Amino acid sequence: MNLNIDFKEKFESRHIAPDQEATTQMLSQIGVDSLDELIQQTVPAQIRLKEPLNLPAAKSEFDYLNDLRQAASKNKVFKSFIGKGYYDNITPPVILRNIFENPGWYTQYTPYQAEISQGRLQALLNFQTMVIDLTGMEIANASLLDEGTAAAEAMFMQYSLRKNQKANVFFVSEDIFPQTIDILRTRSAPYGIELLVGSHETVELDDRMFGAIVQYPSGKGIVYNYSDFASKAHALNIKLTVVADILSLTVLTPPGEWGADIVVGSTQRFGIPMGFGGPHAAFFATKDEYKRSMPGRIIGVTVDSSGNYALRMALQTREQHIRRDKATSNICTAQALLAIMAGMYAAYHGPKGLGNIAGRIHGLASLLASSLEELEYKQLNLTFFDTIRFDLGNLTGPIHAEAINNLCNFDFNGSEVCISLDETTSIEDVKTIVRFFAKVKGRNLNELNFEDLILGVSSRIPAELERSSTFLTHPVFNDHHSEHEMLRYIKSLEAKDLSLCHSMIPLGSCTMKLNATTEMIPVTWAEFSKIHPFAPTDQVGGYMQILSELNDWLSEITGFAAMSLQPNSGAQGEYAGLMVIRAYHADRNDHHRNIVLIPSSAHGTNPASAAMAGMKVVVVKCDENGNIDVEDLKTKAVQHKDDLSCLMVTYPSTHGVFEESIIEICEVIHENGGQVYMDGANMNAQVGLTSPASIGADVCHLNLHKTFCIPHGGGGPGMGPIGVAKHLVPFLPGHTVVDINNDHSIPAVSAAPWGSASILLISHAYIAMMGAEGLTNATKYAILNANYIKSRLEDHYPVLYSGSMGRCAHEMILDCRSFKSAGVEVTDIAKRLMDYGFHAPTVSFPVAGTLMVEPTESEPKHELDRFCDAMIAIRAEIEEVLTGSADKHNNILKNAPHTSAVVTADNWDKEYSRQRAAFPLPYIAERKFWPSIGRVNETHGDRTLICSCPPIEAYSELEA
Ligand SMILES: *Cc1c(COP(=O)(O)O)cnc(C)c1O
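On a predicted model such as this, the values are computed, not experimentally measured, just so you know.

Participant: Got a minute to help me understand the sheet that holds strand β4 (residues 194-198) in this structure?
Facilitator: Pairing between the strands of a sheet is mediated by backbone hydrogen bonds and can be parallel or antiparallel. On the basis of which strands lie adjacent, the open sheet formed by seven strands has the order β2-β8-β7-β6-β5-β3-β4 and mixed pairing. The outermost strands of the open sheet, each flanked by one partner alone, are β2 (139-140) and β4. With five bridges connecting them, strand β7 (residues 262-266) and strand β8 (residues 282-286) associate as antiparallel partners. Following the sheet pairing, V264 is matched in β8 by F284. Where helix α9 (residues 178-188) meets the sheet, it contacts β3 (169-173), β4 and β5 (209-216), and its direction lies at approximately 160° from that of β4.

Encoded structure:
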């Protein structure tokens, strides 16, 4: 027995999978004596950090959760009546446990590989159908980041669609949420769009305007009838965006029925916790005629190789990876998991259930309103759905004090108070509020005849705006109202999707590492999930502590002076960082600096974000080794030195190599008056070994959903905070509602001050439990695992690009272009991998016709071996096609993936056996994952776009 009373279990050994023995074997396969030798050969000496990271000692999982309980207790969970786009609600437990808290859902990747993603594709199609039905529009996307940025995307879409190129004014109703106006300000400036903020009732519309935006019900809670305004706008060719409350649309005439061109909003109140700001899914719906201009991902119906119903992402040619700086938006990671939950919430409650929820909220709001009116408070909202508004005159102070005493948060604004009710509000809550409003006037509830008031409750929605059209009539919203049906539906969809629960997802640039359970658990603790983002500061001490620690730690890791935790994705981080650079130049009277140099190998979001920041993209060449062509860079930097804004560079490069010239590259940019923006997607190869600041960058975003363990959620959520050097700190994004502003803050880039704050807990946990040594080891093992795969596969697939010592960083590119001569495409390999139980690596990024593999430190050696075995076996299958022993068109690769239906059919006419089709290697039998459909037909679905759940009868027509 080992009486080791000092023993503490290290989380590091759970996160980093290879043990001592495996490590030794892997090092010997690679041909080095130690991990440090490998790192020396990989990371150039001149960029290595001299000192270890200065971070608190690593905590065990058990200790971390105990300590976090302390922090959590500093958050005060009040009843929130603040509204403003964030509402308490009830996450149906069947959805909470089986989706939100279920790695089978949250560890999925964006559904690029449709055949092993049909579950989430269906769930997202349900979401789109729900949005289309509730808004009364024709087409919807599969989520955006938040309501504010969705409104900004709508503004930009209207701007791109404008017929009159001189029109540059956007009318903004003064009665939309302040954080939305703030984001419109940020996003309009680079395009030279002028915002005209005013009242929709008095504004004189004219032909300088290309678009307008109003809110329904308005930011103050009023249910306006905008149909006349819509007609006036349309007469002048002005398109109209409506920001709508999704729940209210179950009882209000949908904007699609009175003239909206675009409808956006948040689906947060459909079962998603407030989480101090997020994550939540925003929606975007519009008319069919604008589909090609729509931002974000769209799920569409198509057919598979057998002609069966199949789903996949549609119209992808709009997106940044193809259109670069001409893309409809820079949205990459969105809010898939939350959209899936919101869609399930609608399926669980159905049209009637949602109507009941909305009806009760409205009834209680009416009751509260009439009670307070009875007490002779001055009601300001003659019409409303869930938000009442009173002028308190000189009673604001006492009402505020009473609200706090009763653990209620209201939205106070001068002498006005707004009170928004939600799904969790009970009649007892209403009574409590009435009681203290009465008390302040020296009266009491008994005098009020509350029972009579209850009997007298009536609708305060204008009769002409009461919804008469049906919605959510599709069976999916009507067949899952018992918990068993819901549970089985969720599980049936989950079973179609490959996630990290099944096998490694070796996606280069996406870093699909472990999302540890301990990191995930606190996200749903009430002290974190039930906090409104605009709650008073003295109620959020726990969050402030966590966010400030995370800010410090990420600053230490990046070497920067400070972070902004606001951006909701990597691409939003890019945009935020570029806007900060823009503000810095402007502050120095360098308004003209608007050229951004971007290497040809950059991720599509880079040029797309640059365009949004009003910059002009100049592409820099790469040399034959995949490195930035330093001569070309110098030439272009000098050529544009008077107007140079910045360089966007990914490090290690998108080719998975630590370029030795990086320091020189940064110097060249600085000498020519530019700033260096580093895309931090590859931070998993840097942490603890080097840092963006030490290399010479001025700004960098971190994809917390890559390097720092936030799960991908099937396409979001994510977080993309930015770190900046000292001279840029004054310009970090601010916020209108919550004061986080520095001297020269740019306006907000996200609706909430700290973005999707609740999932920042995940990264906080990761860093706290790994400590400096653990984090550095994670980087080393990420590099070890990648080089191990490289050494096992390089005799079978040429590995494109490596460092001067022949090493890759944390990922590598396998060149598959030579197989083209036999008709074997990289997609065929990707699809065949499914038969072997694996998700494909990144396909055709950054080089067309290649696969980029990134194993991460969290994969054990035997999983890497299974993957390598699969790749080697596939290489042998390719050889059969290359030599002509297998048919060029009808072979095991072209027919992949093989479904159980195909393999077990009575009819089998293939040249190879069923056994080889489905069980090509022995390990597969242990846990076979069956793709639920055959290969999707990509073009079929784009020709006839269907983006909502088709009626059941239509499924059979698809085969035609
Ligand atoms: C993932 C990625 C991005 C985009 O990040 P999102 O969070 O998806 O917006 C940008 N650049 C690179 C190199 C990436 O890998």
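Participant: I'm lost on the site of the ligand in this one. Help?
Facilitator: Near the ligand, the surroundings consist of 14 residues, among which T333, S509, D679, H705 and K706 are the closest. For the ligand, a nitrogen atom lies 2.5 Å from a polar atom in the side chain of D679. At a separation of 2.7 Å, an oxygen atom of the ligand approaches a polar side-chain atom of K706. Looking at which element gives the most residues to the shell around the ligand, the answer is helix α20 (residues 570-587), with three residues.

Participant: Help me understand the UniProt feature "domain: Glycine cleavage system P-protein N-terminal" (unreviewed entry) in the protein chain, please; the structure alone is not making it clear to me.
Facilitator: When the UniProt feature table is mapped onto this chain numbering, "domain: Glycine cleavage system P-protein N-terminal" (unreviewed entry) sits at residues 14-436 and 445-737. Between the first and last C-alpha atoms of residues 14-436 the distance is 53 Å; the span itself is 38% helix and 16% strand. Counted over residues 445-737, helix gives 32% and strand 11%. Its end C-alpha atoms are 34 Å apart.

Participant: Looking at this model, I keep getting lost on the pattern of salt bridges. Mind explaining?
Facilitator: A side chain with one charge may pair with a side chain of the opposite charge, provided their charged atoms come close. Counted under the stated rule, the structure contains 44 salt bridges. K831 is the salt-bridge partner of E115, the closest N and O atoms lying 2.9 Å from each other. Separated by 716 residues along the polypeptide, E115 in the loop between α6 (103-106) and α7 (118-135) and K831 in helix α26 (residues 826-835) bring together distant segments of the chain. Comparing E115 with K831, the two get one shared label, buried. The network of salt bridges with shared partners includes R792, K861, D865 and D869.

Participant: Before we go on, may I ask you to explain the packing of aromatic side chains in this structure?
Facilitator: We describe a pair of aromatic rings using the distance from one ring centre to the other and the angle between the two ring planes. Taken as a whole, this structure holds 30 aromatic pairs when the rule is applied. With centroids separated by 5.7 Å and ring planes inclined at 70°, the aromatic side chains of F81 and F410 adopt a geometry described as edge-to-face. Taken together, the residues span a long stretch of sequence, with F81 in the loop between β1 (79-80) and α5 (93-100) and F410 in the loop between β13 (408-409) and β14 (411-413) at a distance of 329 residues. Comparing F81 with F410 shows no difference in burial state: the two are buried. Consider the rings of Y651 and F658, whose centres lie 5.7 Å apart with planes at 70°: the pair is edge-to-face. Here Y651 matches F658 in class, with each residue buried. Taken together, F81, Y377, F410, F412, F436 and F437 form an aromatic cluster joined through their ring pairs. Just above the ring of F919 sits the side chain of K928; from NZ or CZ to the centre is 5.6 Å.

The rules behind the values
- Residues numbered from 1 in each chain as written.
- Predicted model: local features only at pLDDT ≥ 70, side-chain atom pairs only at ≥ 80, totals over all residues.
- Heavy atoms only, no water.
- Pairing = 2+ DSSP bridges.
- Helix = DSSP H or I, 4+ residues; strand = E, 2+ residues; numbered from the N terminus.
- Contact = heavy atoms within 4.5 Å.
- Axes fitted to C-alpha atoms, helices over the stretch in contact; angles between N-to-C directions.
- Near = heavy atom within 4 Å.
- Polar contact = N/O pair within 3.5 Å; in protein donor to acceptor, adjacent residues only side chain to side chain.
- UniProt positions renumbered as here; feature names shortened; annotations may be inferred.
- Salt bridge = Lys/Arg side-chain N within 4 Å of Asp/Glu carboxyl O.
- Buried < 20%, exposed > 50% of the residue type's maximum accessible area, 1.4 Å probe, protein only.
- Phe/Tyr/Trp six-rings, centres within 6.5 Å; stacked < 30°, edge-to-face > 60°.
- Lys NZ or Arg CZ within 6 Å of the ring centre and 35° of its normal.

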